[in-house]
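Observations on the three-dimensional arrangement
If you want the building blocks of each chain, they are given just below.
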Amino acid sequence: DAGVIQSPRHEVTEMGQEVTLRCKPISGHDYLFWYRQTMMRGLELLIYFNNNVPIDDSGMPEDRFSAKMPNASFSTLKIQPSEPRDSAVYFCASRSMGQGFAFFGQGTRLTVV
Amino acid sequence: QKEVEQNSGPLSVPEGAIASLNCTYSDRVSQSFFWYRQYSGKSPELIMSIYSNGDKEDGRFTAQLNKASQYVSLLIRDSQPSDSATYLCAVDDYGGATNKLIFGTGTLLAVQP
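What counts and what doesn't
Residues numbered from 1 in each chain as written. Chains lettered and ligands numbered in written order. Predicted model: local features only at pLDDT ≥ 70, side-chain atom pairs only at ≥ 80, totals over all residues. Heavy atoms only, no water. Core = buried A, V, L, I, M, F, W, Y, C linked by side-chain atoms within 4.5 Å. Buried < 20%, exposed > 50% of the residue type's maximum accessible area, 1.4 Å probe, protein only. Helix = DSSP H or I, 4+ residues; strand = E, 2+ residues; numbered from the N terminus. Contact = heavy atoms within 4.5 Å. Disulfide = S-S within 2.5 Å. Pairing = 2+ DSSP bridges.

For the rest of this paragraph, the subject is the nonpolar core. Membership of the largest hydrophobic core comes to 42 residues, with the highest contact counts inside it found for Tyr35(A), Trp35(B), Tyr36(B), Leu74(B), Tyr87(B), Leu101(B) and Phe103(B). Leu32(A), Phe49(A), Met60(A) and Ile79(A) belong to the second-largest nonpolar core, a separate cluster that totals 21 residues.

See below:
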């Protein structure tokens, strides 16, 4: 398996634009997590899915953020409209039931100017 | 939101010394504990997992868990410059209906040649 795949690796966008981040989890994994990492706040859990169903989105900072998982092999995190304070590295991670630990994708470095 | 706390460091140790990294967590029902290593600009990678009280050794790494004190630690023996990275403690919020994987902010380790 190629691991967790995220795209794009880097994204630079202007304030107010819509940004969509993509993730393909490891095949067979039941859980998918979206994290945001900044120097100030570390690695924050935004939302996670179990069997494609959103379980907890309490970490999503505000309504500008939304996430979907239309099937077991694909998830998106959308920011609309984007703001400079959204600049961070966004990681997607997946794991299987009972495994405990998660595997991370390479991350998307988002810069909003 | 359950809390996982780590000293941000940097923790500086000479090559060949033992590096000791510490983590405390607030949720008494947490069941699974992990240490991830993150090199600058890279994604977190799992290096140790521990589920029971006591010590678990893997090569130069030893994880220690004390559930009564809600304390997890990682010892790195014979530290090498290649061990210089940020070490993230993660706790699985497994006790209730959720299975969130929550991270501390990480400790930066610098091994001096």
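Let's pick the thread back up.
Attention now goes to the environment of Leu43(A). Summarising the element assignment, Leu43(A) is placed in strand β5 (residues 42–50). Along the chain, Leu43(A) and Phe91(A) lie 48 residues apart, while their C-alpha atoms are 8.8 Å from each other. Not counting the four nearest positions on each side in its chain, Leu43(A) is found in contact with Tyr35(A), Arg36(A), Gln37(A), Phe91(A), Phe104(A), Pro44(B), Leu88(B) and Phe103(B).

Among covalent bonds in proteins, the disulfide is the one between the sulfur atoms of two cysteines. Scanning the entire structure with this criterion turns up 2 disulfides over all chains. The disulfide partner of Cys23(A) is Cys92(A), and the gap between their sulfur atoms is 1.8 Å. Taking the torsion about the S-S bond as the criterion, the Cys23(A) to Cys92(A) disulfide, at about -65°, is left-handed. One end of the pair, Cys23(A), is in strand β3 (residues 19–24); the other, Cys92(A), is in strand β9 (residues 88–95), and 69 residues separate them in sequence. Relative accessible area serves as the criterion here: at 0%, Cys92(A) is assigned to the buried category. A disulfide bridge connects Cys23(B) with Cys89(B), and the sulfur atoms are separated by 2.1 Å. On the S-S bond that ties Cys23(B) to Cys89(B), the torsion sits near -70°, and the link is left-handed. Taken as a pair, Cys23(B) in strand β3 (residues 19–25) and Cys89(B) in strand β9 (residues 85–93) lie far apart in primary sequence, 66 residues in all. Summarising the burial analysis for this pair, Cys23(B) and Cys89(B) share the class buried.

Attention shifts here to the sheet that holds strand β8 (residues 71–76) of chain B. Residues and elements named next belong to chain B. With antiparallel pairing, the 5 strands of this open sheet are ordered in space as β1-β3-β8-β7-β6. At either end of the open sheet lies a strand with only one pairing partner, and these are β1 (4–5) and β6 (54–58). Relative to β3, β1 is paired through 2 bridges, and the arrangement is antiparallel. When the sheet's bridge partners are listed, glutamate 5 is paired in β3 with threonine 24.

These figures capture arrangement, not role.
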